[in-house]
Amino acid sequence: MLRNGRNSMKAIINDSEIRRYMSLACVYSKGNIICHEGQPCETVGFIASGSLEMVHYDQEGHRMTLARLNTHELFGDFLIHSDKPEYPGYLIAKEDTAVFYMNKESLERLLETNTKFRTFYLSYLSKKALDFSLDNKMLRLKSLRERIIFYIRSHSESPAHTRVYIESKASLAKKLNVRRPSLSRELAMMKKVGLIDYDRKSLTLLKG
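Keep in mind it's a predicted model, so treat the numbers as computed, not measured.

A. Up close: the sheet that holds strand β2 (residues 33-35). On the basis of which strands lie adjacent, the open sheet formed by four strands has the order β2-β7-β4-β5 and antiparallel pairing. The sheet terminates laterally at β2 and β5 (63-69), the two strands that pair on one side only. For this sheet, the mean inter-axis angle between neighbouring strands, taken without regard to orientation, is 35°. Pairing between strand β4 (residues 52-57) and strand β7 (residues 90-93): four bridges, direction antiparallel. Opposite Val 55, over in β7, you have Tyr 90 as the bridge partner.

B. Examining helix α7 (residues 180-192) more closely. Across its 13 residues, α7 extends 18 Å between first and last C-alpha, which sits within 8% of the 18 Å expected from 1.5 Å per residue. Buried within α7 we find Leu 183, Glu 186, Leu 187 and Met 190. Buried residues in α7, looked at end-on, bunch into an arc of 100°, giving them a common side. Of the exposed residues in α7, the ones pointing more than 90 degrees away from its buried face are Arg 185 and Lys 192. In this structure, the buried side of α7 is in contact with α5 (144-155), α6 (169-176), β10 (196-198) and β11 (202-205). Of the residues one or two after α7, Gly 194 is the one with positive phi, at around 85°.

C. The confidence of the model for the protein chain, seen in detail. For the protein chain, mean pLDDT is 91; residues scoring 70 or higher make up 94% of the total. Mean pLDDT values for the elements of the protein chain range from 82 in helix α1 (residues 6-13) up to 98 in strand β8 (residues 97-103).

Thresholds applied
Residues numbered from 1 in each chain as written. Predicted model: local features only at pLDDT ≥ 70, side-chain atom pairs only at ≥ 80, totals over all residues. Heavy atoms only, no water. Pairing = 2+ DSSP bridges. Helix = DSSP H or I, 4+ residues; strand = E, 2+ residues; numbered from the N terminus. Axes fitted to C-alpha atoms, helices over the stretch in contact; angles between N-to-C directions. Expected span 1.5 Å × (residues − 1). Buried < 20%, exposed > 50% of the residue type's maximum accessible area, 1.4 Å probe, protein only. Arc of directions from axis to C-beta. Contact = heavy atoms within 4.5 Å. pLDDT = per-residue confidence, 0-100.

In structure tokens:
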């Protein structure tokens with residue numbers, strides 16, 4: 001989700017002064033449930049390696065993916081200070097994953113005393129909130145083509161660079177709230193008329 005934040009996260013994790021406020025690395029095997037739906041959020045997790053997925057099951061047992069979290073991202077950062085700090089779904093390891101944890105007391109102490117951490121954390125929250133806002137705006141667009149163009153523009157590093165990297169077409173389809181076959185058809189049509197170019201891992205906006 002987040003752009004331009006991974007190098008900062010790596011520096012934070014590797015900072016010995018900050019690391020002493022964190023737990024030892026907790027390592028989870030692929031498929032392990034890290035947090036259960038409804039479980040109180042009492043710590044912020046720093047993903048040192050691997051990836052996680054937040055999922056919810058409705059009453060009929062249908063699985064809904066709420067979020068995906070990758071290496072050098074946080075979780076629990078919004079929840080821990082909320083009025084109802086409970087996980088909205090199951091947090092599951094998509095692969096072998098290592099996480100450092102920081103409790104609320106340590107988090108608040110670092111925010112008060114460590115300028116490097118405070119700058120990183122507030123910047124991270126701002127970027128995360130902006131990405132949520134952009135995703136919400138994207139999903140309000142009526143046509144799939146508009147959503148694709150908006151996604152590329154909003155997730156590019158700068159207006160001068162119109163290439164974005166994707167995990168897979170399946171993950172992009174979920175972000176755009178469409179079925180994968182529909183996305184594949186629209187991408188092929190857009191490439192045919194010269195709007196975009198793409199491969200398995202990236203999309204490039206040529207015009208539009």
